[in-house]
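Fold and contact review
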Amino acid sequence: MPLFKKKHGATGVERQRQQKELFAFNKTVEHGFPHKPTALAYDHVLKLIAIGTESGVIKIYGTPGVEFLGVHDGDSPVWQLFFLPNQGRVISLLQDNSLHLWEINIVDGSYCLEEVKSYALEGRLKKISVCCLSADSKLLYLGTEGGNIYLLDVDKMELSENIIYQDVVMQNVPDDYKVNPGPVESIAMHPGNPDKLLIGYNRGLIVIWDSNDFHAEHTFVSSQELQNLCWHRDGTQFTSAHNDGSYTVWKADETSPEKEPIIPYGPFPCKPITKLLSLTTKSEPFLIFNGGMPRASYGDRHGVTIIQGKTHTVLDFTSKVIDFFVMSNMDPKQEYDDPHTLVVLAEEEIVFIDLLTEGWPSFTLPYLSALHSSAIISSHHVSNVTEELWDKLIAAGEAQSGSTATQRDWPLNGGRNLAEPPMHHDLLLTGHEDGTIRFWDASTISLKFLYKLDTSNLFLTDADANGQAGGADGEEDEWPPFRKVGTFDPFSDDPRLGIQKIAMCPLTGTLVAAGSAGQVMYMKMGTDEVERKVEHFQTKIVGEQDKFVWRGHEALPIKEDSVKLPVGFQAEFTIQCEPPAAITSLSLQSTWGLTAVGTSHGFALFDNVHRAIIGARCTLNPNDLSATGENLSRKKSFKKSLRASIRRLRRRRAPGAEKPKTSPRRGEANASPDHREASGDADMAPMERRIEARTEESKTSMVRFLYFANTFVRDSHTATPSLWVGTNMGAILIYTLNVPEESKRGELSVSAEIAKEIRLKHGAPVVSLVVVDHDTYPLPDPIEVQNERAKPPNMTGHSVIICTEEQFKVFALPSLKPTRKAKLTAHDGSKVRKVAFINFRSRSNETYSENCITCLTNLGELSIYSIPRLKKQGGYDALHEANKNGIQSLIFTSRGEGFYLLSPSEFERFSLSARNITEPMCMVDLPDDSRLPDGDNQPAAEGGEEVAAAAATAEAEPAAEEQQEVVEEVAAAAEAPEEESAPPPAAPEPEPAPVVEDTPVPIQMDDDDDDDGPPMPMPEQTPEDSGIDRANTVDELVSEVDRLLAESGISMEGETEDSMHEITLDEVKDYGKDDSAILAANGGGMADTAGVGEERTHSGRLHHHHVTSKISRILIVLIISSCLFTCLTLATLYLT
C-alpha cells in the first residue's frame, strides 16, 4: 500500500476550468451622464444621438437598451461630432486637429463602435474652426483659422484637390471691405440646392458659394462679429447671429438685411448668441437660440431661448450649455419643419423638451440621467425587489413628476434592444448631499430613474432659518422670462442633511436612512399622502461621565408641527444620536424589529416595534478623549516562534538555497528589499512586508460594522439572536439578544447583554464579518427564509469570518478558536476597503456554486477568496489606486456584480461572475446601400433575426469554446504517458505540460498546497522520465502532507511563518451570565469596559493547550519532512 495516495478533488486543469465557469471580471456598462461632455450630434434617420467628452470618449444612444461606446487613443478631447445619416457612421474632430471615422460594425457576433480611419491636418493656418457635412454625406467641409476651406472625402478620409481659398472668395467683395475676414466661423448647406453653401467669417463677411462654378454668388457684410448662420426652410432667407447678442435676417438675393439687427434682451450690452435656429410650422415659426443674456444682470446665467409668436421662454440651466439641436421633419418635400423635440446638452445634464405640448414640458429620461443632481455620498443595492413594492415605487415616481413631465413617448427610438427582459427587479439607491435618496432601476443597462425621497422636510435647515424658502414668488414677471429646467443642483441647503448610510428590507417595505449629523430616519412605504407629526427620539452614546466635549456641528432641529408626507416612503420616527456625529454603520433586522446604528463614538440599539432605545455603548478610548492621536506601533515583534526559527534554519542549510525574489507591485516603493535588510527585518517571512503605523488612529473608537445573526454564542446547543459590533481598533463586541416570540413581540421588549469580546492582536479596523454554517453558506436573513427566498441554514458547525483591513480570520463558534487566517497587508501592502460575501454560480451548471469572499483593496484590486479555506481564487486590477473616490464608492451586489463612481456623474458597472453579466446587447438596422462596398466590416441590413440570434448567443460561445479547450487538454494529458512509452526519436524535445488559455486578466489560483517556504528542488527530468506518474511529483507529495495534516486535525492553511504565533494571541473575553453587563438604556452604561482591553489574562488551561498543540505540530512537521526527504532521495536514485 503506497504511503501517499493520489489527492482527491479537482486537478489543476479541472480547477482552472471551474474557475472560468465561476469567475470572470468584466467592465460591462457605464451608467449615468458622461463626464465633461464637449460635443453633440444627431442622426435624424436612424434616430441616434452621439455625445463626445473631454477624455476622448464617444457614446451613442438610441432606444433604451441601445448603447455603443468608443474611446480614442490618447487624451485629446472631442471637439465636434458629425453623423453620416442612415449609415451607422460618425466622424469625430478632436482638439488636436485630427478627424476619425467610426462605424457601428459586427465584431464577434455583436454590434460595437470601432474606429476604421483617421486623418490629421497639420499647420497653424490649417487649424479647423468649423465643419459642415455635404447634403449627400460624401464630403466634409473644413473651415480653418487661416480662412481657407478644405474638402475631406469621407469614404477615403483624404483631402480633395478642391480648396475654397479665402483669396478667391474675397475677389467679389467691395473694395471698402477687402480686409482679412478672419477665420471661418460658420458653414451651412442650402436646404434645397446641394451645390450652394453659406460661408461666414469671424469679422462679419458672409458669402453664398457655388461649389459647381467655384465662385462667390452673393456677398453680405455685417457690422458685428459673426457667431453662427442658419438657413430658413425655403432657402430664400437666412439668419446670422452675432457677438453683441443680436441676430439679423437676410434675403439670399439682396446684399442688405431685410430688417435691422434685433437684440432680444437689449439695449444694454449682451453676451454673444452662439447658435441660432429658425424653424417653420403651420402656425407661428420657432426661433431658438443659445446665449444673448444681458451681461450686467444675467451674465452668469445659462439659458436657451424659445420664441414662438407671443410665447417667450428662457430655459434656465445650472451649468453651461454645450450644444443643442431640434428634432423636426427633415423631408425636403415637406413644406414645414414642424419641430417636435428640443435637445439641450449642458455640462452636467441633458434635457429633452417637448415642443408639441403646451407649456413645453420636459421628457423623463430613460437613461443619461444626472446621477449627481446633488453630490452622491453613499449608495446601496437591493436585489430581487417584490412586485408589490416595485409597483408602489413606480406609482410614487409618477405622482412626483405630475404635470412637469410630458406624456409623449421617448423620441429616440433608434436601434433594437436584443436583451431579454430582466427576470427580477433590482434597485440602486443613492444618498445625496441635499438629504435626498434617489431610486434607480438597476435591472437593465439603462439605470432609469424611478423615485426621489426627500428627508429635508423633517428638519429645520439653515435655509429655513435664513428665510430662503418660497423666495421665488416675486420673480414671476421678471425679464427675461426664466424657467428652471433640469435636475442638476450643486447647492445644498444644509450639509448636515447628507445621507451617509442606507438600509432597506424589500420584503417589508422598510427603509432606514442615516445622515451626517447623527440623524436616523425610519420609514415605511405609504400609498396615500398623509400629514402627521413624526415621533423623535434621542440617544446619548457618550455619557457625561466620559468627560467628552463635542466641538462639531449641532444636530438638525426637528420640526415640531405636522409634516406633509407625500406618496412613497414616509417617516415613522427619527432617532438623534448624541454627539451629532456622522453615522458610520447601520444595520436593519426586520424580523426582530431592530435597528443598530454606529458612530465614531459608539453604537446604539433601537426597538422598532416599541419605538424605544434598548441601549447604547461608548467605544471611546483615552487617546480619543485627550485628542493626542498617538499612533500604535505596527512593527513586527522580535520574539519569533520556534516553528518559524526551524524553517529559517532549514532554508539556510539547504544546498543552493537562495532568498526568494518578490515581484514589485503598486504601492511597494517604501518596502524594497534593501529597506527591509537595513531595518533589521531580513529574517521576515518570504513575500511579507513590514506593516507601518496607521495614520487614522485618532478614529480607533469608530464603529465600522454592525451585524445581526442567529448563531451559537454561549454554547453549541442553543442558537440565540446576537449583535456583532466591529470597531476601528480591531475589537469585536458580541451581544446576545432576548427577542420575544412573534406572538408576544408587541407586549414584550427586547433586551441585550454582552456575551463575548474579541481583541485582534494586529488591531486593524474591522471592515466586515459574517457567520457561516457547516456548509460554508452565510446565514440568511430570517425573513428571507420565511418567504422561501433562501433555504434554512445548517444549524451546526458555525464559524465567523472576520475581515479586517489587513487580514481575514476564521473563528469556530462558540469557542472562538481561530482556525484559519489569510494575510493581505503583510504580503502585498494592500489594505481591504470593501468586502462582500457572494455565492458564485457556475454559468454552465445550474446546481454548482461556491461561496466566496470578494474584496476591494486600496490599490484598486478586486480579489476573490474561498470560504472557509481563504484561498485566493483570482485577482483583478479594476481601479487605479489614485481613484480614491471610486474605491470609496464601490459596492457589491449579491449576484457578483458591482458599481463604483467612474466620475461624479457616472457609475461603472462590473461583474466578477461568469454567469451574471449585465451588458448592452443591441443592433442597428442599416439599408443595403448605406455604405460603399469598400467597408470590410459592413453589417448586413437584412437578416436582423440571424444577427439578433448571434448576439444573444455571444456569451455562450466563448464558454463552450473554453470548455472544449479544457476537455481536449485533459484528454491530451491522459494520453501523454501512453504516447511517450514508445521509443522516442533522437534528441526529442520534452513535451510541454497542458496549458489552459488565460482569461484577459489572469486568475491567481492557489491549490491545496501549503506555499509557506521555498519550493523543494526537483531532479531534472529527461525524455525517458516524462512518463512517470504525476502522483509522485513533489507537488502531489506536498499535497498529500496537507491532506494528512487535515485528517489529523492540524490546519496549515493560510499560515505564514509567524501566523500560529499570532493567531493564539487574540484576546477573547467570555462574559458569563452572572457577570454579563446588560446594555444600559441611557447610554454610556458600558463605558468602563469600552476602552482598549486594559487587563486581559489567559487562563492556564488555554496556555497549556497552546504549548502542547505547538509541540505536537512541530514534531509532526519534522517527521513528515523526514519522510518527504527520504522519498525524494529514493525517487532520485530510481530516476538516475
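One can find the structure itself at the top, above this paragraph.
Now for a look at the structure at hand. Since this is a predicted model, take the numbers as computed values, not measurements.

What counts, and at which threshold
- Residues numbered from 1 in each chain as written.
- Predicted model: local features only at pLDDT ≥ 70, side-chain atom pairs only at ≥ 80, totals over all residues.
- Heavy atoms only, no water.
- Helix = DSSP H or I, 4+ residues; strand = E, 2+ residues; numbered from the N terminus.
- Buried < 20%, exposed > 50% of the residue type's maximum accessible area, 1.4 Å probe, protein only.
- Contact = heavy atoms within 4.5 Å.
- Areas by Shrake-Rupley, 256 points an atom, 1.4 Å probe, with all protein chains shown as cover.
- Pairing = 2+ DSSP bridges.
- Axes fitted to C-alpha atoms, helices over the stretch in contact; angles between N-to-C directions.
- Salt bridge = Lys/Arg side-chain N within 4 Å of Asp/Glu carboxyl O.
- Phe/Tyr/Trp six-rings, centres within 6.5 Å; stacked < 30°, edge-to-face > 60°.
- Polar contact = N/O pair within 3.5 Å; in protein donor to acceptor, adjacent residues only side chain to side chain.
- Disulfide = S-S within 2.5 Å.

1. Regarding the overall build of the protein chain
What the protein chain contains, in helices and strands, is 16 helices and 61 strands. Across the 1136 residues in the protein chain, those meeting the buried criterion constitute 51%. Sequence separation of 24 or more characterises 62% of the internal contacts of the protein chain that already satisfy a separation of 6 or more. In the structure as shown, the protein chain presents an accessible area of about 52400 Å², 50% of it carried by carbon and sulfur atoms.

2. As for the sheet that holds strand β43 (residues 602-607)
In spatial order, the strands read β41-β42-β43-β44; together these four strands make up an open sheet with antiparallel pairing. The strands lining the two open edges of the sheet, one partner per strand, are β41 (585-589) and β44 (612-618). Mean inter-strand twist for the sheet, computed between neighbouring axes without regard to direction, equals 10°. Pairing of strand β42 (residues 594-598) with β43 involves five bridges; the strand directions are antiparallel. Bridge pairing in β43 links Leu594 to Asp607.

3. Looking at the pattern of salt bridges
Tallying each qualifying case throughout the model produces 27 salt bridges. Its salt-bridge partner being Lys59, residue Glu906 comes within 2.5 Å of it at the nearest N-O pair. Highlighted residues: Glu906 in strand β59 (residues 906-913) and Lys59 in strand β4 (residues 57-61), separated in sequence by 847 residues. Neither Glu906 nor Lys59 differs from the other in exposure class; each is buried. A single network of salt bridges, built from pairs that share partners, joins Arg532, Glu535, Glu572 and Arg611.

4. Quick look at unusual backbone geometry
Residues Gly266 and Pro267 are joined by a peptide bond in cis, for which omega reads 5°. Following the sequence through the fold, Pro267 ends up in the loop between β20 (247-251) and β21 (273-279). Residue Glu578 is joined to Pro579 through a cis peptide bond whose omega torsion reads 0°. Here Pro579 is to be found in the loop between β40 (568-578) and β41. A positive phi is found at Asn86, a non-glycine position, where the angle reads about 65°. Within the secondary structure layout, Asn86 lies in the loop between β6 (78-84) and β7 (89-94). On the accessibility criterion, Asn86 (25% relative accessible area) is partly exposed. In this structure, Met157 is a non-glycine residue whose phi angle is positive, near 55°.

5. Points about the pairing of strand β24 (residues 311-317)
In terms of burial, β24 is a largely internal element, six of the seven residues being buried. For strand β23 (residues 302-308) and β24, the ladder comprises seven bridges, and the chain directions are antiparallel. Residue pairing in the sheet places Gly303 in a bridge with Asp316 of β24. The hairpin turn running from β23 into β24, its antiparallel successor, is two residues long, and Gly309 in that turn takes a positive phi close to 60°. Sheet topology note: the β24/strand β33 (residues 482-484) ladder contains three bridges and is parallel. Across the sheet, Asp316 pairs through a bridge with Lys484, a residue of β33.

6. Concerning the packing of aromatic side chains
Applying the stated criterion across every chain yields a total of 32 aromatic pairs. Ring geometry for Tyr61 and Tyr367: centres 5.4 Å apart, planes at 15°, overall stacked. Residue Tyr61 is located in strand β4, and its partner Tyr367 is located in the loop between β27 (350-354) and β28 (376-382); the two are separated by 306 residues in the primary sequence. Taken together, a centroid distance of 5.3 Å and an interplanar angle of 65° make the contact between Trp440 and Phe449 edge-to-face.

7. Focus: the side chain of Asn148
Mapped onto the fold, Asn148 is located in the loop between β11 (139-144) and β12 (149-153). Engagement of the side chain of Asn148 in a polar contact is seen with the backbone nitrogen of Gln166, the distance being 2.9 Å.

8. Some thoughts on the environment of Thr776
Mapping Thr776 onto the fold places it in the loop between β49 (766-772) and α9 (782-786). Measuring from C-alpha to C-alpha, the distance between Thr776 and Ser799 comes to 8.6 Å, with 23 residues separating the pair along the chain.

9. A closer look at the sheet that holds strand β22 (residues 286-291)
Taken together, five strands build an open sheet; the order of strands is β21-β22-β23-β24-β33 and the sheet is mixed. Of all strands in the sheet, those bounded by a partner on one side alone are β21 and β33. Sheet twist, expressed as the average angle between the axes of neighbouring strands with direction ignored, equals 20°.

10. Some details on the environment of Ile802
Within the secondary structure, Ile802 is located in strand β50 (residues 799-804). The buried category is assigned to Ile802, whose relative accessible area is 1%. Separated by 33 residues in the primary sequence, Ile802 and Leu769 place their C-alpha atoms 4.4 Å from one another. With residues near it in sequence (within four places) discarded, Ile802 still touches Ile732, Ile758, Leu760, Val766, Ser768, Leu769, Gln807, Phe808, Lys809 and Phe811.

11. Regarding the state of the cysteines
As enumerated under the stated definition, the model contains zero disulfides in all. The thiol of Cys1123 is not disulfide-bonded; the next cysteine sulfur, from Cys1127, is found 6.6 Å away. Residue class for Cys1123 comes out partly exposed when judged on its relative accessible area of 33%.

12. A look at the pairing of strand β54 (residues 849-857)
Judged by how many residues are buried, β54 sits mostly within the fold: nine of nine residues are covered. Burial along β54 is two-sided: the residues Ser849, Asn851, Ile853, Cys855 and Thr857 and Glu850, Cys852, Thr854 and Leu856 are all buried. Sheet topology places strand β53 (residues 832-841) next to β54; nine bridges connect them, and they run antiparallel. What sits directly across from Ile838, in β54, is Cys852. Bridge count for β54 against strand β55 (residues 861-866) is five bridges, and the pairing is antiparallel. Opposite Cys852, over in β55, you have Ser866 as the bridge partner.

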